[in-house]
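# A closer look at the structure
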Amino acid sequence: MEKRQELYAGKAKSVYTTDDPDLVILSFRDDTSAFDGEKVEQLSRKGEVNNKFNAFIMEKLQASGVPTHFERLLNANESLVKNMEMMPIECVVRNVSAGSLCRRLGVEEGKQLNPPIFEFFLKDDALHDPMINEYHIETFSLASYENVHKMKELTFVTNMILQDMFAKAGMILVDYKLEFGLFKGEVVLGDEFSPDGCRLWDADTGKKLDKDRFRQGLGGVIEAYEEVAQRIGVPL
Ligand code: UDP
């Protein structure tokens, strides 16, 4: 498998073509961004930690019946994944109130959400990722009716698997964001799952162990990511 040219560079990852049109390389960089790219810093080791973290989670989800784009780890910062047509939609599940839910609805942080809340956002930094619903998705042909329901179903299956996994390691999965794509017509989980795209709190102390440490300038960002990785058994 041969790495060819850069296809796309996002805020934290770059995508490269390979000699196989069905496969691309995801390269995890140390760039860390927040507030739609307004705050950007280089955090040493972040690319490597997120690449290995993501590989571990994707393999676990795949083994539990969630189709993912992940093929294999290539090296410290790169993974081989399926070349998908990504849907410009973010799927968020919230088990505990935090972040934009609190800002939008005036809810205090830390409230248990029963049942968990599901939200769609349009992936568009220039528009600050506005919230959308099934109607926007269908009317603007962002995804078919069937695929919208598949994404929702897979996002909730992921919630059961990961809530349980993090709980066993003494952490609360507060919320997280998933992105899906189509591979040969099938809805497949893409992008990444890492502490960059979820909120994780220590179950005893409430300590934030995710990207909120970066957003809120709390320090110890990578140390927290490494602690989470070590607690769930990611080989770093
Ligand atoms: N999230 C993300 N990328 C985004 C927006 C949100 O990964 O562009 C994640 C975020 O890390 C959190 C969840 O989705 O785990 C819900 O984020 P929220 O809507 O609360 O927005 P935020 O407070 O991050 O602006």
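Up top is the structure.
Throughout what follows, the structure given in this document is the object of discussion. (Residues numbered from 1 in each chain as written. Predicted model: local features only at pLDDT ≥ 70, side-chain atom pairs only at ≥ 80, totals over all residues. Heavy atoms only, no water.)

## Some words on the sheet that holds strand S10 (residues 112-122)
Put simply, the test is: Any two strands with at least two DSSP-identified bridges between them are counted as paired. Put simply, DSSP marks the helices as runs of H or I at least four residues long and the strands as runs of E at least two long, and each gets a number from the N terminus on. For this analysis, residues touch if any pair of their heavy atoms sits within 4.5 Å. Axes here mean lines fitted to C-alpha atoms, for a helix over just the part in contact, with angles spanning 0 to 180 degrees between N-to-C directions.
What the five strands build is an open sheet, ordered S11-S10-S9-S12-S15; its pairing is antiparallel. In this open sheet, the two edge strands, each paired with only one partner strand, are strand S11 (131-132) and strand S15 (198-202). By the bridge criterion, five bridges tie strand S12 (residues 171-178) to S15 in an arrangement that is antiparallel. Following the sheet pairing, Tyr-176 is matched in S15 by Cys-198. Across the sheet, helix H4 (residues 145-168) lies against strand S9 (89-96), S10, S12 and S15, angled at about 155° from S12, the strand it touches most.

## Thoughts on unusual backbone geometry
Put simply, the rule reads: The cut-offs for exposure are 20% and 50% of the maximum accessible area for each residue type, with area from a 1.4 Å probe on protein chains only; residues under the lower value are buried, those over the upper are exposed, and the others partly exposed.
Note that the residue after Asn-114, namely Pro-115, is joined by a cis bond; omega there is 0°. Within the chain, Phe-35 stands out as a residue other than glycine whose phi angle is a positive 55°. One non-glycine residue, Asp-191, adopts positive backbone phi at about 55°. Relative to the helices and strands, Asp-191 is located in the loop between strand S14 (186-189) and S15. Accessibility expressed as a relative area gives 15% for Asp-191, which makes it buried.

## Looking at the packing of aromatic side chains
Our working definition: Only Phe, Tyr and Trp rings take part, Trp by its six-membered ring, and two of them pair if their centres are within 6.5 Å. Stacked means planes under 30 degrees apart, edge-to-face means over 60, and tilted covers everything else.
Taken as a whole, this structure holds four aromatic pairs when the rule is applied. Ring geometry for Phe-118 versus Phe-120: centroids 4.8 Å apart, planes at 75°, classification edge-to-face. With respect to class, Phe-118 is no different from Phe-120; both count as buried. A ring pair is formed by Phe-166 and Phe-193, whose centres lie 6.4 Å apart and whose planes are at 25°; its orientation type is stacked. Here Phe-166 is found in helix H4, whereas its partner Phe-193 is found in the loop between S14 and S15, with 27 residues between them in sequence. Residue classification places Phe-166 among the buried positions, given a relative accessible area of 0%. Through successive ring pairs, a cluster of aromatic residues spans Phe-118, Phe-120 and Phe-156.

## Structural notes on the pattern of salt bridges
Rules: Whenever Lys or Arg places a side-chain nitrogen within 4 Å of a carboxyl oxygen from Asp or Glu, that contact is recorded as a salt bridge.
Enumeration over the complete set of coordinates arrives at 27 salt bridges. Linking Asp-175 and Arg-94 is a salt bridge whose minimum nitrogen-to-oxygen distance equals 3.5 Å. Here Asp-175, found in strand S12, pairs with Arg-94, found in strand S9; they are 81 residues apart in sequence, far enough to count as distant. Among the residues examined, Arg-94 registers a relative accessible area of 3% and is labelled buried. Within this structure, Arg-94, Arg-104, Glu-119, Asp-175, Arg-199, Asp-212 and Arg-215 form a network of salt bridges that share partners.

## Details of helix H6 (residues 221-232)
The condition that has to hold: Take the residue count of a helix, subtract one, and multiply by 1.5 Å to get its expected span. This arc is taken over the directions from the axis of the helix to the C-beta atoms.
Counted at 1.5 Å a residue, the expected span for H6 with its 12 residues is 16 Å, and the 17 Å between its end C-alpha atoms agrees. Taken together, the buried positions of H6 are Val-221, Ile-222, Ala-224, Tyr-225, Val-228, Ala-229 and Ile-232. One side of H6 carries all its buried residues, which in axial view fall inside an arc of 160°. Contact partners of the buried residues in H6: helix H1 (46-63), H4, S12, S15 and helix H5 (212-215). Just downstream of H6, Gly-233 is the residue with a positive phi angle, here 90°.

## Here's the deal with the site of the ligand
Heads up, the rule is: A single heavy atom is enough: if one lies within 4 Å of a molecule or strand, its residue is considered near that molecule or strand. By the criterion applied in these results, polar contacts are pairs of N or O atoms within 3.5 Å in which, for protein atoms, one can donate a hydrogen and the other can accept it, and in which residues neighboring in sequence qualify only through two side-chain atoms. The accessible surface values rely on the Shrake-Rupley method and a 1.4 Å probe; as for residues, cover is taken only from the protein chains in view. Throughout, the ten residues Ala, Val, Leu, Ile, Met, Phe, Trp, Tyr, Cys and Pro are labelled nonpolar, Asp, Glu, Lys and Arg are labelled charged, and all others, Gly among them, are labelled polar.
As a structural note, the neighbourhood of the ligand is formed by 16 residues, with Arg-94, Ser-100, Asp-175, Arg-199 and Arg-215 the closest of them. With respect to the ligand, the side chain of Arg-94 contributes an N or O atom lying 2.6 Å from an oxygen atom. At a separation of 3.1 Å, an oxygen atom of the ligand approaches a polar side-chain atom of Asp-129. Coverage of the ligand by the protein amounts to 82% of the 500 Å² it exposes when considered alone. Of all the secondary-structure elements, those providing two or more residues to the shell around the ligand are S9, helix H2 (99-105), S12 and S15. A breakdown of the residues in the shell around the ligand according to their chemical character gives four nonpolar, three polar and nine charged.

## A word on the pairing of strand S3 (residues 23-28)
By the criterion of burial, S3 is predominantly enclosed, with six of the six residues buried. Where burial is concerned, the two faces of S3 agree: the one with Leu-23, Ile-25 and Ser-27 and the one with Val-24, Leu-26 and Phe-28 are both buried. Of the strand pairs in this sheet, strand S2 (residues 13-18) and S3 are connected by five bridges, and their pairing is antiparallel. Paired with Val-15 across the strands is Leu-26, a residue of S3. The loop that links S2 with its antiparallel partner S3 comprises four residues. Pairing geometry for S3 and strand S7 (residues 78-82), over five bridges, is antiparallel. Paired with Ser-27 across the bridge in S7 is Glu-78.

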